[in-house]
Amino acid sequence: MTDTLPDRTVNAEHYRRALAVHAAGVVVITAQSEGIPVGLTATSFSSVSLDPPLVSFYVDQSSTTWPWLRSADHFAVNVLASGQAELAARFARKDIDRFAEPTRWRPGPLGAPLLQDVSAHLICLPHETLDVGDHVLVVGLVAEANVHDPGRPLLYHQGRFGRFIAL
Ligand SMILES: Cc1cc2nc3c(=O)[nH]c(=O)nc-3n(C[C@H](O)[C@H](O)[C@H](O)COP(=O)(O)O)c2cc1C
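Residues numbered from 1 in each chain as written. Predicted model: local features only at pLDDT ≥ 70, side-chain atom pairs only at ≥ 80, totals over all residues.

If you check an unreviewed UniProt entry, the protein appears there as Flavin reductase (DIM6/NTAB) family NADH-FMN oxidoreductase RutF from Nonomuraea africana.

A. Here's a closer look at the sheet that holds strand 1 (residues 24–25). Read across the open sheet, the three strands follow the order 1-11-12; overall the sheet is antiparallel. With partners counted over all chains shown, the strands left at the sheet margins are strand 1 and strand 12 (160–163), one partner each. Here strand 1 runs beside strand 11 (residues 154–157); their pairing, made up of two bridges, is antiparallel. What sits directly across from Ala24, in strand 11, is Tyr156. (Pairing = 2+ DSSP bridges. Helix = DSSP H or I, 4+ residues; strand = E, 2+ residues; numbered from the N terminus.)

B. Fine view of the pairing of strand 3 (residues 36–42). Pairing between strand 2 (residues 27–33) and strand 3: seven bridges, direction antiparallel. Note on strand 3: the bridge partner recorded for Val27 is Ala42.

C. Structural detail: the environment of Leu137. Checked against the element boundaries, Leu137 lands in strand 10 (residues 135–147). Judged by C-beta crowding, with 17 C-beta atoms within 10 Å, Leu137 ranks as partly exposed. Measuring from C-alpha to C-alpha, the distance between Leu137 and Gln61 comes to 9.9 Å, with 76 residues separating the pair along the chain. (Buried ≥ 20, exposed ≤ 12 C-beta atoms within 10 Å, placed from the backbone.)

D. Examining the site of the ligand more closely. The ligand sits among 18 residues. The nearest are Ala42, Ser44, Ser63, Thr64 and Ala92. Put simply, the parts of the chain that give the shell around the ligand at least two residues each are strand 3 and strand 5 (54–60). The element best represented in the shell around the ligand is strand 5, accounting for four residues. Class assignment of the residues belonging to the shell around the ligand gives a composition of ten nonpolar, six polar and two charged. (Near = placed C-beta within 6 Å. Nonpolar A, V, L, I, M, F, W, Y, C, P; charged D, E, K, R; others polar.)

Next comes the structure, spelled out in structure tokens:
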């Protein structure tokens, strides 16, 4: 006879603390919507499929950037380098123009803003979205990928930015 799972969900604080232990790379998702550059920092970025080349991230349903991202015809994934913790924090702030100085960026081949000095850029076409809990799963078809500096990723762990040290 199999045990049944307890009829309860995890304590919210325990859940948050366990997730914080999971180190993640940091990206900034950018797009141009109605001529306006938009973007937000995300650690939920992941590869999904090799063939077709699909990547994903999750965006909070309450994000004010999401409606703009959703209406864009493509978006860019800017994979941040270890020296870009301030840039990551900037693209998570609400009270500023994230693209104003000192942010350095240029329009990409299809128009989405590309941040300068990042480890890599991916240009993605919208493939699928799915409401999942209080987030939206966004899947993109990668149209272009460029690596600039593969060796120095920015990581996020237990509420802090850091570097990767190979063993
Ligand atoms: C390290 C870090 C990782 C984040 N990851 C995500 C994420 O994966 N998805 C998300 O929706 N917001 C994430 N956020 C929050 C957003 O960057 C941003 O603060 C939020 O979207 C509020 O801004 P908005 O209303 O313009 O979207 C993250 C913030 C930080 C600092």
